[in-house]
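Commentary on secondary and tertiary structure
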Amino acid sequence: MISTILLSYSSSGEAGAAGLIIGILTLLAFWIYNLLKPKAKEIKSNIILNINPNNVKSLVEKGYLEISRKNFSSAVDYFQKALKLSSNSIDALVGVAFAYHLINDYPNSKAAIERYQENAVNGKLDDFSVALMTYLYGHHCYMEENFEQAQNCKENAKTFAILSDDAQEIIQSLNLY
């Protein structure tokens, strides 16, 4: 990616050195933006939670921030608090199932997946949550030696993940079965 950006700037008709400098500055701006984006989300969530500690959306965001920091138990706490406030929150159910899975607490992960399946009919679903939950459910099937169902889930999860870059990245990094 870096070489593509730099090459496009240096061969775009501008002077070679000027194009290279513009390319480097563009990459630097992109890097800084991506570095600060999670911090901005955290600051926003903290402000909202200071005003209203019962804001489910901010609790879920904090849970995902904790997952990104590999603080999985803390993530579970945020998702559980969100679920106490809104027991049918699809986002909180997805998050808690994922966090439990990451700490190898498969019984609680499976229980959250089952609650998700019960509530998914009434909730607003997005490609990320459908892909991730289908994949996690497939892994539970695999662990229970239901290999045919596990393979179906894996294929369905990949289909849903096509529509969500985040889900594709997570599923590829998990590579559970």
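Residues numbered from 1 in each chain as written. Predicted model: local features only at pLDDT ≥ 70, side-chain atom pairs only at ≥ 80, totals over all residues. Heavy atoms only, no water.

Description of the overall build of the protein
Scanning the protein from terminus to terminus reveals nine helices and zero strands. Going through the 177 residues of the protein one by one, you find that 37% of them count as buried. If you take every contact in the protein between residues at least 6 apart in sequence, the share linking residues at least 24 apart comes to 51%. A total accessible area of about 10,500 Å² is found for the protein, and carbon and sulfur atoms account for 56% of it. (Helix = DSSP H or I, 4+ residues; strand = E, 2+ residues; numbered from the N terminus. Buried < 20%, exposed > 50% of the residue type's maximum accessible area, 1.4 Å probe, protein only. Contact = heavy atoms within 4.5 Å. Areas by Shrake-Rupley, 256 points an atom, 1.4 Å probe, with all protein chains shown as cover.)

Some points on the environment of A82
Here A82 is to be found in helix α4 (residues 72-85). By relative accessible area, A82 is classed as buried at 0%. Separated by 25 residues in the primary sequence, A82 and K57 place their C-alpha atoms 7.8 Å from one another. Apart from residues no more than four positions distant in its own chain, A82 is found in contact with V56, L59, V60 and A92.

So, the confidence of the model for the protein
Per-residue confidence for the protein gives a mean pLDDT of 77, with 69% of residues at or over 70. Model confidence for the protein, summarised as mean pLDDT per element, is weakest for helix α1 (residues 2-10) at 47 and strongest for α4 at 96. (pLDDT = per-residue confidence, 0-100.)

Things to note about the side chain of S109
Within the secondary structure, S109 sits in helix α6 (residues 106-119). Among the polar contacts listed, one links the side chain of S109 to the backbone oxygen of A97, at a separation of 3.0 Å. (Polar contact = N/O pair within 3.5 Å; in protein donor to acceptor, adjacent residues only side chain to side chain.)

Focus: the packing of helix α3 (residues 56-68) against helix α5 (residues 90-102)
Relative to each other, α3 and α5 sit at 20°, their axes nearing to 10 Å. By the angle class used here, α3 and α5 are roughly parallel. Viewed along their axes, α3 and α5 form a crossing whose handedness is left-handed. Together, V60, Y64 and I67 of α3 and D91, A92, V94, G95, F98, A99 and L102 of α5 make up the contact between the two elements. Across the contact of α3 with α5, the residue classes tally to eight nonpolar, one polar and one charged. (Axes fitted to C-alpha atoms, helices over the stretch in contact; angles between N-to-C directions. Parallel < 35°, antiparallel > 145°, perpendicular 65-115°, else oblique. Left-handed = near helix turned anticlockwise from the far one by under 90°. Nonpolar A, V, L, I, M, F, W, Y, C, P; charged D, E, K, R; others polar.)

Some words on the nonpolar core
Counting residues in each nonpolar core, the largest one holds 29 residues, and the members touching the most others are I67, F79, V94, V96, Y116, M133 and L136. Among the elements that line this core, the one with the most residues is α5, at nine residues. With residues up to four places along the chain from it excluded, the contact list for M133 reads L93, V94, A97, A112, I113 and Y116. (Core = buried A, V, L, I, M, F, W, Y, C linked by side-chain atoms within 4.5 Å.)

Points about helix α7 (residues 127-143)
The terminal C-alpha atoms of α7 lie 24 Å apart, and with 17 residues this matches the ideal 24 Å at 1.5 Å per residue to within 8%. Of all 17 residues that make up α7, 13 are buried, and the element is covered over most of its length. Immediately downstream of α7, the backbone of E145 shows phi near 65°, a positive value. (Expected span 1.5 Å × (residues − 1).)

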